[in-house]
Amino acid sequence: MPAVQPSKAQTHYLPSDNDYVYSHNRFGRGCHYIGRFLSRPVSLVADSATMLFAHERPGKSNTTSESEKQKQNVPLWARKVARATAVTLFLVPSLALGMMGFSLRMIGNLFRNEISLIQSAALPAVYKPERGLHLMTYNIGLMPSFIRNLNDLRSSQQRSHEIAEALTRNPDVTPDVVCFQEAFDQQATKQLCKDLSGHYHHIVHSVAPRETGLSSGLAIASKYPVKEATFRPFSDLAAEDQLANKGLLRIVLDLGNNKTAVVYNTHLQAKDGKTYETIRYEELLQVREWVEEDSNNDRRNNVHHHGTFLMGDLNSARSDEQGVMSKKSEYENAMQALGEKFSNSYYYTHDKGNDTRLLDRSESFFVNSDQDTIKSEDRREPNGTWYLGAGNRMDQPWGSRRWKERPKVAEQCIYDYQMVYGDSEEKWASHAEIRQLGLDIYNDLESGLSDHLPVSVIYREAAGFSAAIASLKPEDFNAPEVRELVNKLKHAYGHQPSDQISENIRDPEFAGVNPLRKIAKLRDQYKRESLIVNELNQLEKIVRQSMNPVSGTSGSDTG
């Protein structure tokens, strides 16, 4: 692979607004609003044109309104002809207005901030080790209408409401930080920010806008204050991705009590094919260099962050949307590009062979809250983040005939990941889960809130396990090796900070290391001893259960 020259990081001053703004300049705002008005006709024509090649009702619903029923009485070919005629008649005048409108919008975009920040009335959260950090990555597909039609997605503004409601309706499972991708539609993004502002203290949005009106598509909603934000654009993009400004967004979270954490959000080059795969590989090399550069700079400046996390849509999977598994998957190439310092949180609790949960050592926490209207025996954690086939409860008519004939082909297609970097792997235990949000709210919908499913990860450091480990009883385990480990865990973690514990009985190798790492290390040591392995799995499951954020409930997983 050719050498990659990393872009220089630029930390931007973030003016705090109470609401989403298109521009911090009055002239820029005026250009934007007038331009949006003038370009509306061409957007409607593009919408109608793409509907000629898309489903009549993108995203399809089991319930049909009266107006839709009347429309269905008109033959499909007649509706297609009427739409094609309207496109032909209005194409030229709409393009004339659109050229003026888009020119004004491009001028308006010149006055937009490189990164915008909303500071809402929601009080900032303060980090507590016993609660941990709940981070989510979510590609929300908020595209302009003519693009979402071809992806068979419902209205971006309608879905932005649904996404915000699904994320915030249950306080127990509302993430602390959500990293969004594909927040391209400005109106829908504005609505999303408005709906989330009552729950999140800071919302970073409109990152690196281009003259085209599209930005990086990256946004982050955080309950914790955002101390600084940095964006670096990728050096090489291809096809329609060139219209956007994809790259790597870095924020520093203020966790309180002089603790900080770094969160990276990214979205790599899309599309299948060797050319695009090569670009993604180079982008991951850039990500690796940038993160290492930031880490080295922090070390030189004696800045210590409590944890470093990378998440986003990497567009790299072991299986594609058609269910085709490659001998050497692009995912393996992606991890090779990122290097050994990055670890995928998903595979601490999931089988690398089929991406399903390792039920003997962990369980799902979110399926009951996410799929409340589905019969309990049918609830399951999806094992793919591409929506189609990922834990659906019925054959999906959403998309091409191929999907209807093969409703499960997307099941191992995971594009969306959360990674930990460096010593974060040693310090933070993680519970990862692919979510299926919205089914309990919008049960009549056959399509999802996006064409991607979000990935939640709950991270907890060693200090957060004290209560769970204090309740362990060595006598509950038969293997001497496991009883010895439980005793060491209790001495290392099973006490309050104020407790007087003799340093002579503390194992220094446990200092700051999350307890699940010690369990995994012993399991690897005795991997041929099934009795010991089974007891270690039982021990891990007990300790992991304390990470469950859903009060008094446990998950269910049949997959």
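Residues numbered from 1 in each chain as written. Predicted model: local features only at pLDDT ≥ 70, side-chain atom pairs only at ≥ 80, totals over all residues. Heavy atoms only, no water.

K.L.:
Where do I start with the overall build of the chain in this structure?
P.N.:
In terms of regular secondary structure, the chain is built from 15 helices and 15 strands. Considering the chain as a whole, with its 559 residues, one finds that 55% of them fall into the buried category. Intrachain contacts of the chain at a sequence separation of at least 6 include 77% that bridge at least 24 residues. When the accessible surface of the chain is summed, it comes to about 24,900 Å², and 51% of that surface belongs to carbon and sulfur atoms. (Helix = DSSP H or I, 4+ residues; strand = E, 2+ residues; numbered from the N terminus. Buried < 20%, exposed > 50% of the residue type's maximum accessible area, 1.4 Å probe, protein only. Contact = heavy atoms within 4.5 Å. Areas by Shrake-Rupley, 256 points an atom, 1.4 Å probe, with all protein chains shown as cover.)

K.L.:
What am I meant to see in the environment of Ser-471 here?
P.N.:
Position of Ser-471 relative to the elements: it lies in the loop between helix H12 (466-470) and helix H13 (480-493). From its side chain, Ser-471 meets the backbone oxygen of Ala-468 in a polar contact 2.7 Å long. (Polar contact = N/O pair within 3.5 Å; in protein donor to acceptor, adjacent residues only side chain to side chain.)

K.L.:
Can you walk me through the side chain of Ser-456 in this structure?
P.N.:
As for its position among the elements, Ser-456 is in strand E15 (residues 455-461). Judged by relative accessible area, Ser-456 falls into the buried class, the value being 0%. In this structure the side chain of Ser-456 is engaged in a polar contact, spanning 2.9 Å, whose partner is the side chain of Arg-435. When neighbours within four sequence positions are excluded, Ser-456 is seen to be in contact with His-134, Leu-135, Met-136, Phe-366, Gln-418, His-431, Ala-432, Glu-433 and Arg-435.

K.L.:
Help me out: how do you make sense of the sheet that holds strand E4 (residues 133-142) in this one?
P.N.:
Hydrogen bonds along the backbone pair up the strands of a sheet, which may run parallel or antiparallel. What the eight strands build is an open sheet, ordered E2-E3-E6-E7-E5-E4-E15-E14; its pairing is mixed. The outermost strands of the open sheet, each flanked by one partner alone, are strand E2 (16-17) and strand E14 (428-434). Here E14 runs beside E15; their pairing, made up of seven bridges, is antiparallel. Across the sheet, the residue bridging to Ser-430 is Tyr-459, located in E15. Packing against the sheet, helix H5 (residues 156-168) makes contact with E4 and strand E5 (177-183), and its axis sits at approximately 165 degrees to E4. (Pairing = 2+ DSSP bridges. Axes fitted to C-alpha atoms, helices over the stretch in contact; angles between N-to-C directions.)

K.L.:
So what exactly am I meant to see when it comes to a nonpolar patch on the surface here?
P.N.:
A cluster of nonpolar side chains, contributed by Phe-27, Ile-107, Leu-110 and Phe-111, occupies part of the molecular surface with about 380 Å² of accessible area. Its place among the elements puts Phe-111 in the loop between helix H3 (76-109) and strand E3 (116-119). The exposure class of Phe-111 is partly exposed, given its relative accessible area of 32%. (Patch = residues over 30% accessible without salt bridge, like charges linked within 9 Å, V, L, I, M, F, W, Y side chains within 5 Å. Salt bridge = Lys/Arg side-chain N within 4 Å of Asp/Glu carboxyl O.)

K.L.:
Looking at this model, I keep getting lost on the pattern of salt bridges. Mind explaining?
P.N.:
Proximity of charged atoms lets side chains of opposite charge pair with each other. Across all of its chains, the model carries 19 salt bridges by this definition. Across the pair Glu-484 and Lys-488 runs a salt bridge whose closest N-O atoms are separated by 3.7 Å. With Glu-484 and Lys-488 both in helix H13, this residue pair falls four residues apart, about one helical turn. Exposure remark for Lys-488: the relative accessible area of 33% places this residue in the partly exposed category. Here Arg-544 makes a salt bridge to Glu-540, at a shortest N to O gap of 2.7 Å. Highlighted residues: Arg-544 and Glu-540, both in helix H15 (residues 530-545), separated by four residues, approximately one helical turn.

K.L.:
Is there a simple way to explain the pairing of strand E6 (residues 202-205) in this structure?
P.N.:
Side-chain positions along a regular strand alternate between the two faces of the sheet. Burial of E6 is two-sided: the residues His-202 and Val-204 facing one way and the residues Ile-203 and His-205 facing the other way are all buried. Here E3 pairs with E6 via four bridges, running antiparallel. Looking at E6, one finds that Leu-117 is bridged to Val-204. Judged from the three bridges that link them, E6 and strand E7 (residues 219-222) form a sheet pairing that is antiparallel. Counted as the bridge partner of Ile-203 is Ala-221 from E7.

K.L.:
What is the right way to read helix H7 (residues 274-300) from this model?
P.N.:
Helical periodicity: at 3.6 residues per turn, an α-helix aligns residues three or four positions apart in one direction. Helix length check: H7, at 27 residues, gives a terminal C-alpha distance of 39 Å against a target of 39 Å (1.5 Å per residue), a fit within 8%. Directly after H7, the chain includes Asn-302, whose backbone phi takes a positive value near 60 degrees. (Expected span 1.5 Å × (residues − 1).)

K.L.:
Help me understand the nonpolar core in this model?
P.N.:
Residues Leu-133, Val-204, Leu-249, Ile-251 and Phe-309 are the most contacted members of the largest nonpolar core, which totals 65 residues. If we ignore the near neighbours within four places in the chain, the residues touching Ile-251 are Val-204, Ile-220, Val-226, Glu-228, Ala-229, Ala-261, Val-262 and Val-263. Core analysis: the next-biggest nonpolar cluster, separate from the first, contains 28 residues, Val-173, Ile-458, Val-482 and Leu-539 among them. (Core = buried A, V, L, I, M, F, W, Y, C linked by side-chain atoms within 4.5 Å.)

K.L.:
Looking at this structure, how should I read the packing of H13 against H15?
P.N.:
A packed helix pair is summarised by two numbers, namely the angle formed by the two axes and the spacing between the axes. In the contact formed by H13 and H15, the axes pass within 9 Å of each other and the chain directions differ by 30 degrees. In terms of orientation, H13 lies roughly parallel with respect to H15. Of the residues in H15, those touching H13 at Glu-481, Val-482, Leu-485, Val-486 and Leu-489 are Ile-532, Glu-535, Leu-536 and Leu-539. In terms of residue class, the contact of H13 with H15 is built from seven nonpolar, no polar and two charged. (Parallel < 35°, antiparallel > 145°, perpendicular 65-115°, else oblique. Nonpolar A, V, L, I, M, F, W, Y, C, P; charged D, E, K, R; others polar.)

K.L.:
Hey, could you run me through the pairing of strand E10 (residues 259-267) in this one?
P.N.:
Burial analysis of E10 places eight of its nine residues in the buried class, the great majority of the element. Bridge count between strand E9 (residues 247-256) and E10: eight bridges; the pairing is antiparallel. Bridge assignment links Ile-251 to a residue of E10, and that residue is Val-263. Connecting the antiparallel pair E9 and E10 is a turn made up of two residues, with Asn-257 showing a positive phi of about 55 degrees. Inspection of the sheet shows E10 paired to strand E11 (residues 308-313) by six bridges, in the parallel sense. From the neighbouring strand, Asn-265 faces E11, where its bridge partner is Met-311.

These figures come from the coordinates and say nothing about function on their own.
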